[in-house]
Structure formats: C-alpha cells, structure tokens
Amino acid sequence: MKRKGRLSRRITWRVILIIVIINVFIIGAVLLSSLALSFWGSKVRAQHLMDGIENKLETMFQVVKATAINNKVEVEANLDSPAKVFDALERELQVNKSLVGCFAAFEPGYYKDHGRWFEAYAHFTDSKQIERQQLGSSLHDYFNGVWYKKGLSLKKDDDGYLTDPYYDNSVGNSLYCSYVLPIFDRQGRKVGVYGVDLDLGWIDSTIVKEEKSIKKIELVEDSPDDPDNVNAFFIQLLDSKGKRISGTIDVDEKTLKEIWQRGLIENKRMQINDESYYVSSKRLPNTGWTLTMAQHWEWVFLDGISLGICILFFMTIGGLIIFLFLSRSIRRAIKPLGFLSTSAQEVAKGNFDTLLPTFKHDDEVAELRDSFDTMQHSLKQYVKELKETTASKAAIESELHVAQDIQKSMLPKTNPPFPERNDIEIFGSQTPAKAVGGDLYDFFIHDEKLFFCIGDVSGKGVPASLVMAVTRTLFRNISAHSVHPGQIMESMNMNVCEGNDNNMFVTLFVGVLDLKTGVLLYSSAGHDAPYVENTFLPCDSNLPIGIIPNFKYSEQTAKFVPGTTIFMYTDGLTEAENAAQELFHKHRMTEVLKATMQNPCSPQQLIESMTAAVHQFVGNTEQSDDLTMLAIKYTNSSI
C-alpha cells in the first residue's frame, strides 16, 4: 500500500503543479494584457493627435494649392509686361490675406529690358500695405535655387511643389515655405515659375494647443509628470531632410535624423534626452514632412502596471485557496489508480492473461480498466500480426536486393570497357536514391561507331526501374539497326508510348560517334544538354519519349577533335540539395568541370572529381533523386 500512496502523491503534486503553472500563465497574460492595453492606448492617442494636426495642415495646403493654381492662370494671361505681372500678383494678395507674398520668376532674359534676372515679388509689409520688389539679381541668382529647378521640372498637369521651410531675410525674418508651379506662355512653353509664400509661425501654436488638449484629458494626479511638464510627451515636425520645423522640446539633430530615416513608426522605443520614450511618426502626404509624437514610457504604462498589481494580488489569494482544496480532492480521486498500476505492470511484462481489478464506481478509472482489458486482447492479436508482417517485409527487402543487382547488371560495369582500343575512353556511374532507380546509361561499339545514351525516367523506385529496363533494352535493339539518333529516338518513343497507362516518360540523350572521323550525330529528348569543351552542346527542344507517339525528333551534328571530352548527367546532379535546401546547380557543376579539365584527365577522374564535389556540398543530407553521370573522351590520334 505504500507504493500506491507514493503514486497517489506524485500524481497529486503533478496535477497541482500544472494548475499552478496555468495560473501563473494566466496572471502573466493578464499583466501583459494590461501593458498591451496601455501600449495600444498610447498608439491610439498618438494617431489621434497626429491625424488632427495632419488634417489642419492638409486643409491649409489644399487652400494654398487652389489659390496658387487660380492666380497662376491670371499671371499667364498677363505676361505682356512686368507691370501686368505685378498687378496680377497684387490682386492675389488683396483677395488672400493669409498669404505672406507671391512671386513670378522668369527664365534668363525673358524680359530683355530687365536683363538676365527678373523675379517679381509682391508681399505684405503690414496687414494692409503691399510692396512690390524685383528680387532677381546676381546676388539673388534664383536659377540655381532648388525651388526654381523643381518648379520648372513639373509638367502642366502636375501638382505643385511645396518647399521645405526656410528663413528668408530679404523681406522679413520669419519661417516660410513656398508652393511653386511652372508658368507657360500662350504657345505652351515653360517661361518661369510661379509661387506663393506661407508664414509657418502658426504651426508652433497649433502643436502647443494640441498638446495641451491631450494633457488636459489624459494626465491624472498619479502621472509621472504634471500637465505643465513637457517631458510627459512632446511633438516634433520635421522637414523632408529630417530637420526640425516646429516642436515643444529641443531634441538633438542625430535623434531627429534617426526618426526621420525610419519613416513610419508605431510606438518604437527610443532614448531621447537621456529619457526613454515611445515614438510614433508618419509621413505627411504632399509635403514629405514627418510628424512625430514621443510619449514617456512611465506615462504609457503607469495605468497598466497599477491594474496588473491589483489583479496579481487577488489572483494569488485565490490560487492558494484552490491549491489547498485540490490537493485533498485529487488524492482521494486517484487512489484506485494504484491498484490498476500493479496489474498494468504485469501486462507490460508480456503476461497478457493477468486479471485486472474491478471497481464499484462507473467512472473514468473504471473506463481505464476496461481499456486495459481491450488492450490485452489487442496486444495478443498485434504480436501475431507483427510476426507475419516482419516475415513479409524481410521477403520484400530480399526481392529489392535482387532487383538492385539485376538493374546494376544491365549497366556497363567493365572498366575500362574497351581496353583493346586507343581511340576512346569511357566511364559512367549511377547512384539511385532508393534501392532501385530510374536513371540509365549505356554504350557499345558497332561498325567503328560508338552508340551511347543517358536518360532519366520520371519518378523513382520500382516503377521507374521497370521503365528504365525497357528503355535500355529498346536502345540496344533499335540502335543495332540504325545509325541515326533521330530515328532511334522515334522508334523508342513509339514503343514506350504503347500501353503507357501510367503516363511515365523518359528524358533521353542519344549519340552516335564515328570513331574514325570524330563526327557526332545526336538527338535530345528533353534531357539536360551535355558539357563539351567549356560550353554546353546545343540541343533542340524535343519532347521526352513516352508522351506523343508520332513526335518527330530532330537530329544534330558536332565535330570532335582528338582530346575532346563530353560530360553527360541527369538532373540528380544539378538538383542535389544541402541542409540549407540550396541546389548544387549548373554553375557549381561547370566550376568543377573547368577546374578538373584544366589539366589532362580521364573520364573516370572527371566523374570522381564531380562525385567528391557533390558529396562535399550535400554533406549528410539524404539523397532525393537518382544521380547518373557519363563521360566520353575521344582520343583518336590518327585524324
């Protein structure tokens, strides 16, 4: 009974531990949810504030855009004389008193009486008085100004260009920006740039007003900063180069540049003035400016932390109560499991006839006992079937070994294959991905001609090996009666297509090399082009055999000189994968071929070098496809 008591206590403590862990996770989730809610609130707050400022700026810029377009038309209608241009500018200011000024700058020498530069500028000297000025001169060479070049580059239907803010002490000492458009004459030629100037002093007051509004609503008595402290949060407006336009606190240029380069930010934590802030920013459309709001981290998370601490306290008290109650209840509930454990150990030893205890309560433990009883009978049957399955599997593996030996015997295996000849060297290798594969290669000499082929059957395993055997046999039989690879390919295709209910196909390359002349006749049925003398042999795009019965295969010709080596392969070489799922690919194959063929080498040395390179690249990764290579070196020195 001691053994059963220890079992009961172990299960009890495990269950309680699980409940405690779950409770801890729940507490953690609640705390994180509280912080996330605070974090989300800060994002909403920042978005609300930035949207408000953006809408005000956008409204102002749309009014400026409409005003500038309308007045530009009037300026274009009065290009006859500078005086009329000034009159048009002054009329615009009289109608739109919110503008600081407006100007029309013309191309060099447009008004010949005024020399090279002419920039008509009209602006308010006070709330009512308008002054006219011609600003263009060698000291004010506006032709090199960014605003002039950008305005002149615009097309007739383009929106205007809004400049970055700047200080212009030629007419005052305030912060301005300009909205510019190109000027066209009656013939549709660009003759200058028109623009209006805006005083941006109102932006500071707008930002300060928005900050005070948010602080009045959001800040409470236990906040880290009182409503008058700008460190609780602050706003910055940056131009298109990351320089400060407006804001309620000084921030170093390096930090502003970092914020500007990031573009769109949603609550990114950053160090600003030795304090930690969560920064949100967005690009303003039609300006290239960036609006930024930084919120002190204590302000963001204070409410969430306070709420989380309260929840943590009450959940801890509740957890202790649950712990005491569960520890007693669980020990009583699982006591019958000790009896069932003893019987189960006997079953585990293989004594399937062991009697199991019975219980008077029809609960989960009783169901477990019935399950053990069912398991006893199932194990008996399973052991019997396992013995039969093991015997069948052993027979299948034996047959696969025999099939593998038969398949290997069908491929040329003598090395060298033609020891009595000094005009040809050949070496081939095949490595199936499974016990048997679908790749093939073959060669033989008849009437001083070398017949050879290499192919890849679709699929792998036993089905592919059967098609491989048929294909190799067809090659031997048909090539014995024809020296034309195109005809050989067509005859093989007709035979493979017959009864091809599984729609299997074979990519194949067939060549016939005249050993006396070095002339190669070849035909490719969708197979990878062989590599010959630092390049790939040109191959026509023919279909693999086994697809269309009456397909006509083209035949091509190449000339081999003594010392020429042709390297053929299946896609198991170029598609070999390493642990990172990278392919060996053709570029690695060609690198190995070029490096090996720099010095005289035999076909066997060439294939062994390629095999070593593939194994080094693949490492311990399991082979996924059949890998076959064939190399032929033409060595006839009598030509």
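Please read these numbers as outputs of a predicted model, since none were measured by experiment.

Thresholds applied
- Residues numbered from 1 in each chain as written.
- Predicted model: local features only at pLDDT ≥ 70, side-chain atom pairs only at ≥ 80, totals over all residues.
- Heavy atoms only, no water.
- Helix = DSSP H or I, 4+ residues; strand = E, 2+ residues; numbered from the N terminus.
- Areas by Shrake-Rupley, 256 points an atom, 1.4 Å probe, with all protein chains shown as cover.
- Pairing = 2+ DSSP bridges.
- Contact = heavy atoms within 4.5 Å.
- Axes fitted to C-alpha atoms, helices over the stretch in contact; angles between N-to-C directions.
- Parallel < 35°, antiparallel > 145°, perpendicular 65-115°, else oblique.
- Left-handed = near helix turned anticlockwise from the far one by under 90°.
- Nonpolar A, V, L, I, M, F, W, Y, C, P; charged D, E, K, R; others polar.
- Polar contact = N/O pair within 3.5 Å; in protein donor to acceptor, adjacent residues only side chain to side chain.
- Buried < 20%, exposed > 50% of the residue type's maximum accessible area, 1.4 Å probe, protein only.
- Salt bridge = Lys/Arg side-chain N within 4 Å of Asp/Glu carboxyl O.
- Phe/Tyr/Trp six-rings, centres within 6.5 Å; stacked < 30°, edge-to-face > 60°.
- Lys NZ or Arg CZ within 6 Å of the ring centre and 35° of its normal.

1. Quick word on the overall build of the protein chain
No. 1: Looking only at helices and strands, one finds 13 helices and 22 strands in the protein chain.
No. 2: For the protein chain, the accessible area works out to roughly 34,500 Å², and carbon and sulfur atoms hold 55% of it.

2. Topic: the sheet that holds strand 21 (residues 565-569)
No. 1: Here we have five strands laid out as an open sheet, ordered 13-22-21-18-19, and antiparallel in their pairing. With partners counted over all chains shown, the strands left at the sheet margins are strand 13 (424-431) and strand 19 (535-536), one partner each.
No. 2: Relative to strand 21, strand 18 (residues 531-532) runs antiparallel, the two sharing two bridges. Bridging from a neighbouring strand, Val-532 pairs with Ile-566 of strand 21.
No. 3: Where helix 12 (residues 585-597) meets the sheet, it contacts strand 18, strand 19 and strand 21, and its direction lies at approximately 150° from that of strand 21.
No. 4: Its contacts with the sheet put helix 13 (residues 603-618) on strand 13, strand 21 and strand 22 (627-634), and the angle it makes with strand 22 is roughly 150°.

3. A look at the packing of helix 9 (residues 461-479) against helix 10 (residues 485-497)
Geometrically, a packed helix pair is captured by the angle between its two axes and the distance between the axes.
No. 1: Two elements in contact, helix 9 and helix 10, have axes whose closest approach is 10 Å; the angle formed by their N-to-C orientations is 135°. Relative to helix 10, the element helix 9 is oriented oblique. Like other packed secondary-structure pairs, helix 9 and helix 10 cross with a definite hand, here right-handed. Contact residues: helix 9 offers Thr-471, Leu-474, Phe-475, Ile-478 and Ser-479, while helix 10 offers Ile-488, Ser-491, Met-492, Asn-495 and Val-496.
No. 2: Partitioned by chemical class, the residues of the contact of helix 9 with helix 10 number six nonpolar, four polar and no charged.

4. A word on the sheet that holds strand 20 (residues 556-559)
No. 1: Spatially, five strands are ordered 14-15-16-17-20 in an open sheet, and the strand pairing comes out antiparallel. Only two strands of the sheet have a single neighbouring strand rather than two, namely strand 14 (439-446) and strand 20. For this sheet, the mean angle separating the axes of adjacent strands, direction not counted, is 15°.
No. 2: Summarising the sheet, strand 17 (residues 519-525) and strand 20 pair through four bridges and their orientation is antiparallel. Across the sheet, Tyr-522 pairs through a bridge with Gln-556, a residue of strand 20.
No. 3: Here helix 9 sits on the sheet and contacts strand 14, strand 15 (449-457) and strand 16 (506-514); the angle it forms with strand 14, its principal contact strand, is near 15°.
No. 4: Sitting on the sheet, helix 10 touches strand 15, strand 16 and strand 17, and the angle it makes with strand 17 is about 30°.

5. Observations regarding the environment of Ser-609
No. 1: Within the fold, Ser-609 resides in helix 13.
No. 2: Distance from Ser-609 to Thr-596, taken between C-alpha atoms, is 7.2 Å for residues 13 residues apart in sequence.
No. 3: With sequence-adjacent residues up to four places away left out, Ser-609 is seen in contact with Val-592 and Thr-596.
No. 4: Here the side chain of Ser-609 touches Gln-605 through a polar contact of 2.9 Å, landing on its backbone oxygen.

6. Digging into unusual backbone geometry
The phi angle of most residues is negative, glycine excepted, and most peptide bonds adopt the trans form.
No. 1: In the Ramachandran plot, Asn-503 falls in the positive-phi region, its phi being about 55° despite a non-glycine side chain.
No. 2: Residue position: Asn-503 is located in the loop between helix 10 and strand 16.
No. 3: Residue Gln-581 is not a glycine yet carries a positive backbone phi of 60°.
No. 4: Examined against the element boundaries, Gln-581 turns out to sit in the loop between helix 11 (571-574) and helix 12.

7. Observations concerning the pairing of strand 15
No. 1: Of all nine residues making up strand 15, eight are buried, and the element is well covered by its neighbours.
No. 2: Taken together, the eight bridges between strand 14 and strand 15 define a ladder with antiparallel strand orientation. If you follow His-446 over to strand 15, its bridge partner there is Lys-449.
No. 3: In the sheet, strand 15 pairs with strand 16 via nine bridges, with the strands oriented antiparallel. When the bridges of strand 16 are listed, Ile-454 appears paired with Phe-509.

8. Overview of the pattern of salt bridges
No. 1: Under the defined criterion, the tally for this structure stands at twelve salt bridges.
No. 2: The salt bridge involving Asp-80 is made with Arg-186; its shortest N-O contact spans 3.4 Å. Placement of Asp-80 in the loop between helix 1 (2-76) and helix 2 (82-95) and of Arg-186 in the loop between strand 6 (175-184) and strand 7 (190-199) is noted, with a sequence separation of 106 residues between them.
No. 3: Here the salt bridges do not stand alone but share partners, grouping Asp-80, Lys-84 and Arg-186 into one network.

9. Section: the packing of aromatic side chains
No. 1: Within the structure shown, the criterion is met by 24 aromatic pairs.
No. 2: Judged by centre distance (5.2 Å) and plane angle (75°), the ring pair of Phe-106 and Tyr-111 falls under edge-to-face. The pair formed by Phe-106 and Tyr-111 is uniform in burial state, with each residue classed as buried.
No. 3: Ring centres of Phe-567 and Tyr-569 lie 5.9 Å apart, and the angle between their planes is 20°; on these two criteria the pair is classed as stacked. Across this residue pair, the class does not change: Phe-567 and Tyr-569 are buried.
No. 4: Three or more aromatic residues joined by ring pairs form one cluster here, namely Phe-103, Trp-117, Tyr-121, Tyr-142, Phe-143, Trp-147 and Tyr-148.
No. 5: Positioned above the aromatic ring of Trp-117 is the side chain of Arg-116, whose terminal nitrogen or guanidinium carbon lies 5.7 Å from the ring centre.

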